[in-house]
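Tertiary structure, described
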Amino acid sequence: MNQPIELSLEQQFNIRSFETQVQQMSREQAQNFLIDLYKQMMMRETMYKHFLKHQWGLEPGPQV
């Protein structure tokens, strides 16, 4: 059976801090924040895919 991934104490603290910040946001601020966060997640995913393709030799690296 798979074990759940444990978060460090620092990560747990950061989550609690984040919760406090979000609870103090207006609805509009929270919606804008979520949109920006989603964009960042998509950009990170694209960056990881590009990095993995390069590492696995599936696409050429930059020409120097």
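As a reminder, the structure under discussion sits directly above these lines.
Now for a description of the structure that goes with this document. Owing to the predicted nature of the structure, the values given are computational and were not obtained by experimental measurement.

**Description of the overall build of the chain**
A tally of helices and strands in the chain yields two helices and zero strands. Relative to the globule expectation of 11 Å for 64 residues, the C-alpha radius of gyration of the chain, 18 Å, shows a markedly less compact shape. Seen along its three principal axes, the alpha-carbon backbone of the chain occupies a region of about 50 × 35 × 25 Å. Within the chain, the fraction of its 64 residues that count as buried is 0%. For the chain, the accessible area works out to roughly 6800 Å², and carbon and sulfur atoms hold 58% of it. Here the chain carries 6 positive and 7 negative side-chain charges, and the mean point of each set is 6 Å from the other.

**Quick notes on the pattern of salt bridges**
On inspection of all chains with the given rule, the structure shows two salt bridges. Note that glutamate 19 is salt-bridged to arginine 16, the shortest N-O span being 2.8 Å. With glutamate 19 and arginine 16 both in helix 1 (residues 9–23) and three residues apart, this pair spans about one turn of that helix. Here glutamate 45 ties to lysine 49 by a salt bridge, and the two come within 3.1 Å at their closest N and O atoms. Placement of both glutamate 45 and lysine 49 in helix 2 (residues 27–55) is noted, with a separation of four residues, approximately one turn of the helix. On the basis of relative accessibility, which here comes to 46%, the residue lysine 49 falls in the partly exposed class.

**Quick word on a nonpolar patch on the surface**
Residues Phe18, Leu34, Leu37, Tyr38, Met41 and Met42 make up a contiguous nonpolar surface patch of about 590 Å² in total accessible area. Counting residues per element, the nonpolar patch draws most heavily on helix 2, which supplies five residues.

**Section: helix 2**
With 29 residues, helix 2 extends 42 Å from end C-alpha to end C-alpha; this agrees with the ideal 42 Å at 1.5 Å per step. The positive-phi residue at the C-terminal boundary of helix 2 is glycine 57, with phi of around 75°.

**Observations regarding the packing of aromatic side chains**
Across all of its chains, the model carries one aromatic pair by this definition. Judged by centre distance (5.6 Å) and plane angle (45°), the ring pair of phenylalanine 18 and phenylalanine 33 falls under tilted. With phenylalanine 18 in helix 1 and phenylalanine 33 in helix 2, this pair connects stretches of sequence that are 15 residues apart. Given the relative accessible area of 36%, phenylalanine 18 is considered partly exposed. Overall, phenylalanine 33 belongs to the partly exposed group, its relative accessible area being 29%.

About the cut-offs
Residues numbered from 1 in each chain as written. Predicted model: local features only at pLDDT ≥ 70, side-chain atom pairs only at ≥ 80, totals over all residues. Heavy atoms only, no water. Helix = DSSP H or I, 4+ residues; strand = E, 2+ residues; numbered from the N terminus. Rg over C-alpha atoms; globule rule 2.2 N^0.38 Å. Buried < 20%, exposed > 50% of the residue type's maximum accessible area, 1.4 Å probe, protein only. Areas by Shrake-Rupley, 256 points an atom, 1.4 Å probe, with all protein chains shown as cover. Lys, Arg positive; Asp, Glu negative; His and termini not counted. Charge placed at Lys NZ, Arg CZ, Asp CG, Glu CD. Salt bridge = Lys/Arg side-chain N within 4 Å of Asp/Glu carboxyl O. Patch = residues over 30% accessible without salt bridge, like charges linked within 9 Å, V, L, I, M, F, W, Y side chains within 5 Å. Expected span 1.5 Å × (residues − 1). Phe/Tyr/Trp six-rings, centres within 6.5 Å; stacked < 30°, edge-to-face > 60°.

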